[in-house]
Amino acid sequence: MAVKNIIVLIKQVPNTNEIKIDPVTGTLIRQGIPSIMNPDDKHALEEALVLKGKTGAKVTVITMGPPQAETILIEALAMGADKAVHISDRLFGGADTLATSYTLMSAIKKLGEFDIVLAGREAIDGDTAQVGPQIAEQLGIPQVTYVKSVEINGNKLKVQRALEDGYYDIEVETPVLLTAIKDLNKPRYPHIGQMFDAFNREGKELILWGAKDLEVETERLGLKGSPTQVFKSFSPTIKRSGEILGSSVDESVKKLKTRLKERHLI
Amino acid sequence: MALTDYKGIMVYAEQREGELQNVALELLGEGKKLAAKLGVELSALVLGKDVKKLSDKLFEYGAEKVYFVEDKILDKYSTEAYTDAFTAVIEAKKPEIVMIGATTIGRDLAPRVSARLKTGLTADCTSLDIDTEKRLILQTRPAFGGNVMATIICPNHRPQMSTVRPGVMEKSAPEKGKKGVLEEVKVTFSDIKAKVVKIVKEAKKQVSLGDAKIIVSGGRGSGSQKGFNLVKELAKALGGEVGASRAAVEAGYVGKEHQVGQTGQTVKPELYIACGISGAIQHLAGMQNARTIIAINKDPNAAIFKLCDFGIVGDLNEVIPAFIEELKKA
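None of these values were measured; they are calculated from a predicted model.

A. Geometry of the domain arrangement of chain B. Residues and elements named next belong to chain B. Domain annotation for chain B reports domain 1 (3–184) and domain 2 (209–328). The gap between the C-alpha centroids of domain 1 and domain 2 is 33 Å. Taken together, the contact between domain 1 and domain 2 spans eight residues of the former and ten residues of the latter.

B. Representation of the interface of chain A and chain B in the model. On the side of chain B, 72 residues touch chain A, which itself brings 69 residues to the contact. Along the lines of polarity and charge, the residues of the side of chain A that touches chain B split into 31 nonpolar, 20 polar and 18 charged. Pairing of strand E15 (residues 243–244) of chain A with strand E18 (residues 310–313) of chain B, which is carried by two bridges, proceeds in the parallel orientation. Directly across from Glu243 of chain A, in E18 of chain B, lies its bridge partner Phe310 of chain B.

C. Expanded view of the environment of Gly255 of chain B. You can see Gly255 of chain B is positioned in the loop between helix H6 (246–250) and strand E16 (271–275). Sequence-wise, Gly255 of chain B and Ala244 of chain B are eleven residues apart; in three dimensions their C-alpha atoms are separated by 8.7 Å.

D. Fine view of the pairing of E16 of chain B. Residues and elements named next belong to chain B. Across the five residues that make up E16, a large majority, five, are buried. For strand E14 (residues 214–218) and E16, the ladder comprises five bridges, and the chain directions are parallel. By the bridge assignment for E16, Ile215 is matched with Tyr272. Here E16 runs beside strand E17 (residues 292–297); their pairing, made up of five bridges, is parallel. From the neighbouring strand, Tyr272 faces E17, where its bridge partner is Ile293. Handedness of the β-α-β unit built from E16, helix H7 (residues 281–287) and E17 comes out right-handed.

E. Representation of the packing of helix H5 (residues 225–238) of chain B against helix H8 (residues 316–328) of chain B within the structure. Residue and element names in this part refer to chain B. Between H5 and H8, the least distance of the axes is 10 Å, while the angle of their chain directions is 20°. In terms of orientation, H5 and H8 fall into the roughly parallel class. H8 is crossed by H5, and the crossing has left-handed handedness. Together, Gly227, Leu230, Glu233, Leu234 and Ala237 of H5 and Leu316, Asn317, Ile320, Pro321, Phe323, Ile324 and Leu327 of H8 make up the contact between the two elements.

F. Spotlight on helix H1 (residues 39–55) of chain A. Residues and elements named next belong to chain A. Under the 1.5 Å per step criterion, the end-to-end length of H1 is 25 Å for 17 residues, consistent within 8% with the ideal 24 Å. Of the residues making up H1, those classed as buried are Asp40, Asp41, Lys42, His43, Ala44, Leu45, Glu46, Glu47, Ala48, Leu49 and Leu51. The positive-phi residue at the C-terminal boundary of H1 is Gly56, with phi of around 75°.

Cut-off values and rules
- Residues numbered from 1 in each chain as written.
- Chains lettered and ligands numbered in written order.
- Predicted model: local features only at pLDDT ≥ 70, side-chain atom pairs only at ≥ 80, totals over all residues.
- Domains from an automatic or database assignment.
- Contact = placed C-beta atoms within 7 Å.
- Nonpolar A, V, L, I, M, F, W, Y, C, P; charged D, E, K, R; others polar.
- Pairing = 2+ DSSP bridges.
- Helix = DSSP H or I, 4+ residues; strand = E, 2+ residues; numbered from the N terminus.
- Buried ≥ 20, exposed ≤ 12 C-beta atoms within 10 Å, placed from the backbone.
- Right-handed = clockwise from strand over helix to strand, strands pointing away.
- Axes fitted to C-alpha atoms, helices over the stretch in contact; angles between N-to-C directions.
- Parallel < 35°, antiparallel > 145°, perpendicular 65-115°, else oblique.
- Left-handed = near helix turned anticlockwise from the far one by under 90°.
- Expected span 1.5 Å × (residues − 1).

If you want it as structure tokens, here you go:
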């Protein structure tokens, strides 16, 4: 039993590493933050393409998001994915992880047969790491998260799962959902020719589904289908004096020593 | 579901190879405060093969009741078996709030459990409080790479579930010999499909920055391995641990186990010295709760100077050696 179909879940995110604080006002500088394919998801896609090389499996990427999220689907096709599915609908808006995973699970079911679902461990805008496991649960398949290496033999996988102080060797058969971390591989660059083909839809399949295309209960979608709600959001508060000590190295280190002594830190 | 059927706070007491994880005790410390506000009981849940004996410690750290499930299927961690056990206990005991440590295991297990129960789960909380009127837990967490804090509620589903970052909450002082109610819960397991066949501990043990009193960290501004070595020397001179920003780890100056920040460890030492660290929110998310923060940076406009208690504007290659010399003087 060989692996035939691999599904990869990807998300478009703002590059949160680019966000800086305005040193004068202390507020966030949000302008001009580029949108990117979520880094962990890129590692998931790379692994799918490596497995495609070994097994000849078909790789389908799915993203849920607004119209502009199509950009990362084109990037994924240019990296070597065979098919891309964009699920987008106003009804999906405001979804928490449970409603998101329900929606993505419904799209996976609609695609039909699959052997491996790959996702990034977490997205850099939410950092929850919840959507992968929640999809696995709703699909009724096993999961391995924090995956740092994959060996495949027919429908049997041997996977290394990272821990804080080591790793587990895990054996599992397909169907299975895996979530990827950075250590798993080094993502390839998109192929320029393929990028062009993908833009022009040549030999590549890019489909768009809304809520009506999926078998879903609408009350489980979006904000309405989300058990958690944002009660409030605010900027992290920081209250410190920021006293600059001295103007020469000599003077500064002497003052620092005094301050630390006053606070009984040395 | 009737929300009022659910009562009490349950802490998931994660153990690995029979050893309770620190975060379990931290959650009991926090759980005790929250349970007092709600006027309810604090329980702990421990799952494993031979884990009943861990209850003594859980009682000492604040649990009034300890539920345990023992089965050989729970010997090594398995998402499936642990989910079966965890959900069975929640369904039987109906806690209104469930807290889980956001370890790599907690972050695997909690979403699976919440999806099975079709309830809300808030990830990686860094502060918790209670709205006593509505009996809701207010779960605050960093989002957007730590750039925004969001307080999340779960008004219409039970239990309200949170994972909590290790190293953020405080353990309460243990009450030696304190006892409580110990109860075994029997669970029927389905077959497990993903099997852990080997546990590998890596020699490169996680640096315990979480417990460190003094941390000296280096960032991109260390400029070189030589610069970062000065950071290490200062840490040694002060009897502290070595920390690093993500940029320093990515530059290869030091291993990832030293990384402090949103994608690294969260620390709260008495003293944090940031050398050549600009003060990106990503880093601040992991160290802003330090008691005293010192910044050493040659860029007078670096954001870190707004966020420190004391700053020295200067090249760390000059400042650190001079400071080490100064420390040697009586």
